[in-house]
Amino acid sequence: MNKDELKEKILKLSQGTMTPSESGVFDLMFDVKPSDLMKVALMLRDHENLKFDFLNNISGVDTGERFEVVYSLSSITFSLRLDFKVALPYDQAVIESTKEVWPAAEWHEREIWELFGIDIANHGDLNRFLLPDDWDQGYPMRKDWDAPDFIRMPQL
Amino acid sequence: MGLIKKVPVYAEQIPGGGIVATQLESILSHSQACSMWYLLFATACCAIELMCTGASRYDFDRLGMIFRPTPRQADLIIAAGTITKKMAPRLRRLYDQMAEPRYVIAMGGCTIKGGPFYYDSYAVEKGIDHIVPVDIYIPGCPPRPESLLEGCLHLQKKIKSQKLADWHEK
Amino acid sequence: MAKLRTEEFLVNMGPHHPSTHGVCRLVLTMDGEKVVHIEPVIGYLHRAIEKICENRTYPQCSPMMDRFEYVTAMASDHVYALAVEKLAGLEVPERAEYLRVIMVELNRIASHLIFWGVTAMDVGAYTPFLYGLREREDIIDLFEMTCGQRLTYNYIRIGGVSQDIPDEFVPKCREFMDKLWGKFADYEGLLNENPIWLVRTKGIGVLTAEKAIAFGASGPVLRASGVDYDVRRDDPYSIYDKFNFEIPTQKNGDSYDRFIQRIDEMKASLRIIEQALDNLPEGDIKCKVKPKFKPPAGEVYSRIESARGEMGVYIRSDGSTKPVRVKLRGSSYNHLRLVPEIATDVLIADLVTIFATLDIIMPEVDR
């Protein structure tokens, strides 16, 4: 099925939990609320016409106003592609772990926790990953992070 | 090696004994320079060029250099690749485990001053010369195998010009 | 007589180890010679490429992509250029697309030659390393003739490629391909039927298809477990829909299959290059890109089939000259997560074989 048919099918099956977003330039992009995340994930993976069983990527984004967590999925059986994102305000940056749905999510979520500071509920294994063991300088990928030995490239 | 260091001290006291020390120096430094065994320490992109230099076309073995996997059997570290803050203590530990006389070649821009990762990176150690004492710097990103071979030839020249009294703790 | 008491102990396969393909640390809990539990500790090559890209303009990020996956640097450049072109809606001229395909497929062969040599060296056979790197030097000569660099090319740029190929490229490429076709008999005769090799790799580290899909394995690892999925055919990008090529798969998913899979893929790549060289059109090599390049606001996730698996780039733009977020996804990240799943209850020598056949390199994991 092509992109428009897929979009209609998703809108029908999701019953309002997934709203289309205009920011996706090439593939389909939807907005999902944090409380609906597990329902959406299970529906996408298990429905017999969708079967999105392959998790490509989870990225954390700090837009300057809020956090966003972007999930990229694909279906091996039907050769489909889709993205959706969850918006989180700065003061309530908690998201539920999807590692029961897609085991590949475990390390992606651990990295988001370590570099952005977004808390992951029900993960069970959140500890030091990419940064040195004695790192105490905060969450480096946030836009407002700074440190004494962080040298920025001068703007010409 | 401790006994050999005492030879110049005693040899100079005998008239004409300086010749003994000089000949001994040249034999020892020549044999050391022509048989440097390097530790296989490779982190990032320069590792592939190091591998290529050790392979068929540009051969390291003709200079007498073969790779050893353990620092106890090596007398040269070619630090190839970016050293991050997490990896820096391990590099120092490997250097400490080597037996003297030992030498360090800093290969590639990242080990000289951070390379392309100097600006805007929070986890890269900008150069290795505050971790281990470096003898030869080879610039490039990554340096060609010919550059690496020339660096090793410079190191050989440096070793051959060393005096016995210079083999002190670094 | 009292029964002997045994205890489990920790062995650290440290960041510096001749067979961990970079700096990866595995903390092993061992019961005698068997490995009971593995915990990978990573981050020893975390250079913060993503943070660097947030403070560079879009064309300035291009050289950083070479350092992300340097063994197949053409593919890393390609995926970034694809993502930015999708964002900005640029159309790449046809000659540039053909040149991109030729370079990426040559790079795939070079990477598989390194894999073949280094895997054999890890398991204990030293000769294939010298043979593989000898053929790779011919490919590197072709690249050097075109763009001047041996490893970090920065050749595939936003909007096309940076330079046109010289006149002696096509004859030399055909000569190399003929030579390589003749060498496959040698390579397969070296190891494929060798009884020691079969004992070391058959049945070791079996990966089932469901586990591979669930953990996000891709590329040769996925196809060696029997799943017929290739991004070039199932989600075509660039001009791959114009070539016909077969996608080899294997049945068992053990280390031997992963090893054979990549040799078969080298042959498929040679056929693609032949078709591309036969149909290479004339024309421009890049389209017009403004000096102050500002794509419209939006986000895109673009992926390609690189030598190790699926490589992806997620870019978020807000309409200015610098990206808001660049997230790089390497296939080795998911493959390293597989190691604790398939390498328990094996001997430590088998762990080395499994690690080598998954073809993990650390810059894709740590970035």
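Residues numbered from 1 in each chain as written. Chains lettered and ligands numbered in written order. Predicted model: local features only at pLDDT ≥ 70, side-chain atom pairs only at ≥ 80, totals over all residues. Heavy atoms only, no water.

1. Topic: the overall build of chain B
If you tally the helices and strands in chain B, you get 6 helices and 5 strands. In chain B, the succession of α and β elements from N to C terminus is α-α-β-α-β-β-α-β-α-β-α. With respect to the principal axes defined by its C-alpha atoms, chain B has extents near 60 × 35 × 25 Å. Expressed as a percentage of the 170 residues in chain B, the buried residues total 51%. (Helix = DSSP H or I, 4+ residues; strand = E, 2+ residues; numbered from the N terminus. Buried < 20%, exposed > 50% of the residue type's maximum accessible area, 1.4 Å probe, protein only.)

2. Some points on the interface of chain A and chain B
Contact with chain A, which involves 16 residues of that partner, is made by 9 residues of chain B. Both faces considered, chain A and chain B share a buried interface measuring about 1,100 Å² in area, 63% of it formed by carbon and sulfur atoms. Counting the surface chain A buries against chain B, the share from its top three residues, A:Pro132, A:Phe150 and A:Ile151, is 40%. In this assembly, chain A and chain B are joined by 1 salt bridge. The shortest N-O distance in the salt bridge between A:Asp149 and B:Lys85 comes to 3.0 Å. Run the count over chain A and chain B and you get 4 residue pairs in polar contact (both at pLDDT 80 or more). Tallied by class, the residues present in the side of chain A that touches chain B amount to 13 nonpolar, no polar and 3 charged. (Contact = heavy atoms within 4.5 Å. Buried area = accessible area lost by both parts, 1.4 Å probe. Salt bridge = Lys/Arg side-chain N within 4 Å of Asp/Glu carboxyl O. Polar contact = N/O pair within 3.5 Å; in protein donor to acceptor, adjacent residues only side chain to side chain. Nonpolar A, V, L, I, M, F, W, Y, C, P; charged D, E, K, R; others polar.)

3. Some remarks on helix 1 (residues 3–14) of chain A
Think of an α-helix as turning once every 3.6 residues; residues three or four places apart then point the same way. Residues and elements named next belong to chain A. In this model helix 1 runs 16 Å from its N-terminal to its C-terminal C-alpha over 12 residues, within 8% of the 16 Å that 1.5 Å per residue would give. Within the sequence span of helix 1, burial applies to Leu-6, Ile-10 and Ser-14. One face of helix 1 carries all of its buried residues, which in axial projection span an arc of 50 degrees. For helix 1, exposure combined with an orientation more than 90 degrees from the buried face picks out Asp-4, Glu-8 and Lys-12. Those residues of helix 1 that are buried are in contact with strand 1 (18–20), strand 2 (29–32), helix 2 (37–46) and strand 5 (80–88). Phi turns positive one or two residues past the end of helix 1, at Gln-15, with a value near 55 degrees. (Expected span 1.5 Å × (residues − 1). Arc of directions from axis to C-beta.)

4. Digging into the interface of chain A and chain C
With 47 residues of chain A at the contact, the number on the chain C side is 43 residues. Of the roughly 3,800 Å² buried between chain A and chain C, counting both surfaces, carbon and sulfur atoms make up 56%. Inspection of the region where chain A meets chain C yields 5 salt bridges. A salt bridge links A:Glu106 to C:Arg337; the nearest nitrogen and oxygen atoms lie 2.7 Å apart. Here chain A and chain C share 19 residue pairs in polar contact (both at pLDDT 80 or more) between them. Top element by residues in the side of chain A that touches chain C is strand 3 (residues 54–62) of chain A. It accounts for 9 residues. Residue composition of the side of chain A that touches chain C, by class: 22 nonpolar, 13 polar and 12 charged.

5. What about the sheet that holds strand 6 (residues 298–305) of chain C?
All names here are of chain C. Strand order in this open sheet of 3 strands is 6-7-8, and the pairing throughout is antiparallel. Of all strands in the sheet, those with a lone pairing partner are strand 6 and strand 8 (325–329), marking the two edges. Across the sheet, the mean angle separating the axes of adjacent strands is 10 degrees when strand polarity is ignored. Taken strand by strand, helix 3 (residues 73–88) contacts strand 6 and strand 7 (310–317), and its axis lies near 145 degrees from that of strand 6. (Pairing = 2+ DSSP bridges. Axes fitted to C-alpha atoms, helices over the stretch in contact; angles between N-to-C directions.)

6. Some points on the confidence of the model for chain C
It should be kept in mind that the predicted coordinates are not to be read in detail where pLDDT is low. All names here are of chain C. Predicted confidence across chain C gives a mean pLDDT of 90, with 99% of residues reaching 70 or more. Looking at the elements of chain C, mean pLDDT is at its lowest for helix 10 (residues 231–234), recorded as 89, and at its highest for strand 8, recorded as 93. For this predicted complex, the interface confidence reaches an ipTM of 0.93, while the overall pTM sits at 0.92. (pLDDT = per-residue confidence, 0-100.)

7. Quick word on the packing of aromatic side chains
With the rule as written, the count across this model stands at 23 aromatic pairs over all chains. Ring plane angle 70 degrees and centroid distance 5.3 Å describe the contact between A:Trp107 and A:Phe129, whose orientation is recorded as edge-to-face. Remark: A:Phe129 occurs in the segment after strand 7 (119–121) and A:Trp107 occurs in helix 3 (residues 105–116); sequence separation between them is 22 residues. We classify A:Trp107 as buried; its relative accessible area is 5%. A relative accessible area of 2% means that A:Phe129 is categorised as buried. Centre to centre, the rings of B:Tyr38 and B:Phe60 are 5.1 Å apart; their planes meet at 55 degrees, and the pair counts as tilted. Taken together, the residues span a long stretch of sequence, with B:Tyr38 in strand 1 (residues 38–39) and B:Phe60 in the loop between helix 3 (46–53) and strand 2 (67–68) at a distance of 22 residues. Accessibility assignment for this pair places B:Tyr38 and B:Phe60 in one class, buried. The structure contains a cluster of three or more aromatic residues connected by ring pairs, namely C:Tyr98, C:Tyr237, C:Tyr240, C:Phe243 and C:Phe245. Sitting above the plane of the A:Phe26 ring, A:Lys3 keeps its charged end 4.4 Å from the centroid. (Phe/Tyr/Trp six-rings, centres within 6.5 Å; stacked < 30°, edge-to-face > 60°. Lys NZ or Arg CZ within 6 Å of the ring centre and 35° of its normal.)

8. Some details on the packing of helix 3 of chain C against helix 4 (residues 94–123) of chain C
Residues and elements named next belong to chain C. Where helix 3 contacts helix 4, the two axes come as close as 8 Å, and the packing angle between them is 140 degrees. Here helix 3 is positioned oblique relative to helix 4, judged by the angle of their axes. Only Arg-100, Met-103, Val-104 and Asn-107 of helix 4 make contact with helix 3, whose side of the interface consists of Ala-73, Met-74, Ala-75, His-78, Ala-81 and Glu-85. Of the residues contributing to the contact of helix 3 with helix 4, the split by class is 6 nonpolar, 2 polar and 2 charged. (Parallel < 35°, antiparallel > 145°, perpendicular 65-115°, else oblique.)

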